[in-house]
Amino acid sequence: MTTHTTAAGPATRVTVPFIEYRALVLDAATWRHLNTSPHVAELLAEWVEWDRRRTLRETSHAVSAAADWRALAAAPTYAELERRRAVATRPALTPHQIRAQAAASWARIEDWIAIREAA
């Protein structure tokens, strides 16, 4: 058996069976070997970058949430624009009514041109 005395606090003796001690030593060696692997280093670097981006995103969202940017810019939201498009502001026109409106519009333009030419 192996005994270990902790330095902190009152003297406490912990007894670890030799088999468990050897297993712990082998575990530690395995972890040290794993940490020297380039693949693990690459995964850790990717995780650090992912965590940095996550923190940056959360910070950015918190800053954006601090002010109501849509109200400050006085711009309607996409939901508001969609709601406005969904509401009919006037009844649908028949093809005959559309042609009549187009003809009246062209007549106004031709009148305007004639007045300009006469002047």
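Within any chain, residue numbers begin from 1 and follow the written order of that chain's sequence. Local features in a predicted model are, by the rule used here, given only for residues with pLDDT of at least 70; side-chain atom pairs are given and counted only at 80 or more, and totals for whole chains, interfaces and linings are based on all residues. Values shown for side chains rest on all heavy atoms present in the structure; no hydrogens or waters enter the calculation.

**Notes on the overall build of the protein chain**
Quick note on the threshold: Helix and strand labels come from DSSP, where a helix needs a run of H or I of at least four residues and a strand needs a run of E of at least two; each type is numbered from the N terminus. Partly exposed describes any residue whose relative accessible area lies between the buried limit of under 20% and the exposed limit of over 50%, with all areas from a 1.4 Å probe on protein chains only and scaled to the type maximum. All accessible-area figures derive from a Shrake-Rupley calculation using a 1.4 Å probe, and residue coverage is judged against the displayed protein chains alone.
Counting its secondary structure elements, the protein chain contains 5 helices and 2 strands. Listing the helices and strands of the protein chain from first to last along the sequence gives β-β-α-α-α-α-α. A buried classification covers 2% of the 119 residues belonging to the protein chain. Accessible surface, the protein chain as shown: approximately 11,100 Å² in total, 64% of it carbon and sulfur.

**Digging into the packing of aromatic side chains**
Quick reminder of the rule: Only the six-membered ring of Trp is used, alongside the rings of Phe and Tyr, when aromatic pairs are assigned; centres must lie within 6.5 Å, and planes under 30 degrees apart are stacked while those over 60 apart are edge-to-face, with the rest tilted.
The final tally for this structure, using the stated rule, is 1 aromatic pair. Each ring, one from F18 and one from Y21, has its centre 6.5 Å from the other, and the planes form 35°; the classification is tilted. Of this pair, F18 and Y21 both sit in helix α1 (residues 18-35), 3 residues apart, roughly one helical turn. Taking the relative accessible area as the measure of exposure, F18 reaches 48% and is therefore partly exposed. The exposure class of Y21 is partly exposed, given its relative accessible area of 35%.

**Some words on a nonpolar patch on the surface**
Convention followed: In this analysis, a patch consists of residues with relative accessible area above 30% that form no salt bridge, clustered at 9 Å for like charges and at 5 Å for the nonpolar side chains Val, Leu, Ile, Met, Phe, Trp and Tyr. Any Lys or Arg side-chain nitrogen located within 4 Å of an Asp or Glu carboxyl oxygen qualifies as a salt bridge.
A contiguous nonpolar surface patch, about 450 Å² in accessible area, is contributed by W106, I109, W112 and I113. Along the chain, the position of I113 falls in helix α5 (residues 95-118).

**Describing the pattern of salt bridges**
Across all of its chains, the model carries 6 salt bridges by this definition. Between E49 and R53 there is a salt bridge whose closest N-O contact spans 2.9 Å. Residue E49 and its partner R53 are both found in helix α2 (residues 38-65); the two are separated by 4 residues, about one turn of the helix. Taking the relative accessible area as the measure of exposure, E49 reaches 30% and is therefore partly exposed.

**Details of α2**
Where we set the bar: Take the residue count of a helix, subtract one, and multiply by 1.5 Å to get its expected span. Polar contact is the term for a pair of N or O atoms within 3.5 Å; when the atoms are in protein, one must be able to donate a hydrogen and the other to accept it, and sequence-neighboring residues count only if both atoms are side-chain atoms.
Compared with an ideal rise of 1.5 Å per residue, which puts 28 residues at 40 Å, α2 spans 40 Å between its outermost C-alpha atoms and is within 8% of the ideal. Sitting at the head of α2, S37 places a side-chain oxygen 3.2 Å from the backbone nitrogen of H39.

**Details of the confidence of the model for the protein chain**
Put simply, the rule is: Every residue is assigned a pLDDT by the predictor, reflecting its confidence on a scale from 0 to 100.
Of the residues in the protein chain, 90% have a pLDDT of 70 or more, and the chain-wide mean is 84. Within the protein chain, the element-level pLDDT minimum falls on strand β1 (residues 2-5), averaging 55, and the maximum on α5, averaging 94.

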